[in-house]
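As a plain string of letters, each chain reads:
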Amino acid sequence: SNFVSLGSLTSYPSNGYNHSSTMASGSNKMVFCDEVPTGLPVKVIDVSTPSNVVFKSTFSSGSTATPHNPYMVGEHVVIAYYQDGLQIFDVSNPLNVTRSGYYDTSPSNCPTCPNPNYSGCWGAYVDLPSGIILASDMQNGLFILDAGAALGISKTTLETDAFSVYPNPVKDQLNVKIKAGGGSALQVSICDLNGK
């Protein structure tokens, strides 16, 4: 093996199958989600000393929905939260985590889905320069969200009259209209959640 174990965390409150985790650049705070069994809370740990990982707290959306994939944006964590849609929490104080915003991408919770507990929002893309977040819902398609207020961003850099994207949510076909002007070169890239 070419790896050297620096530490581990194998026992913690409400533990389950650890599915995904996130950290902000330069931070020692890690947020992770256990996907199985359903409805487990999100965990916050301190990894400043890898040989001594310290459990800090748990938090949840307030329902029995399952957190799936977390993404750090500064001191906020954006979570694709299956039946609870996209949830945003301020984790600046791990002992007092507060929800700062949410958007329910699946208000009906898909009771006819083969496995309703694992339906709804399952991924997001948070790294757009504009601060816009793309949320992917398995049944309802793509949602394009301005979460600036929930993230504590006073103004996004996006000029909303410069282009429009519709419909929102999108399922099979996405339309993009761009206003011409300025004589400058314009490059448009559309990527899936895997960067393709």
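Note that the structure is predicted; figures quoted are calculated from it, not measured.

In this section: the pattern of salt bridges. One pass over the full model with this rule turns up two salt bridges. Glu 75 is the partner of Lys 29 in a salt bridge, and the nearest nitrogen-oxygen pair spans 2.7 Å. Taken together, the residues span a long stretch of sequence, with Lys 29 in strand β2 (residues 29-36) and Glu 75 in the loop between β5 (69-73) and β6 (76-80) at a distance of 46 residues. Across the salt bridge formed by Lys 43 and Asp 34, the nearest N and O atoms sit 2.8 Å from each other. When its relative accessible area of 0% is taken as the criterion, Lys 43 is described as buried.

On to the sheet that holds strand β11 (residues 141-146). Taken in spatial order, the three strands line up as β9-β10-β11 in an open sheet, and their pairing is antiparallel. Of all strands in the sheet, those with a lone pairing partner are β9 (121-125) and β11, marking the two edges. Strand after strand, the sheet turns through a mean of 25° between neighbouring axes, direction not considered. Looking at chain direction, strand β10 (residues 132-137) and β11 are connected through six bridges and run antiparallel. Following the sheet pairing, Ala 135 is matched in β11 by Phe 143.

About the criteria used
Residues numbered from 1 in each chain as written. Predicted model: local features only at pLDDT ≥ 70, side-chain atom pairs only at ≥ 80, totals over all residues. Heavy atoms only, no water. Salt bridge = Lys/Arg side-chain N within 4 Å of Asp/Glu carboxyl O. Helix = DSSP H or I, 4+ residues; strand = E, 2+ residues; numbered from the N terminus. Buried < 20%, exposed > 50% of the residue type's maximum accessible area, 1.4 Å probe, protein only. Pairing = 2+ DSSP bridges. Axes fitted to C-alpha atoms, helices over the stretch in contact; angles between N-to-C directions.

Purely geometric stuff here, so don't read any function into it on its own.
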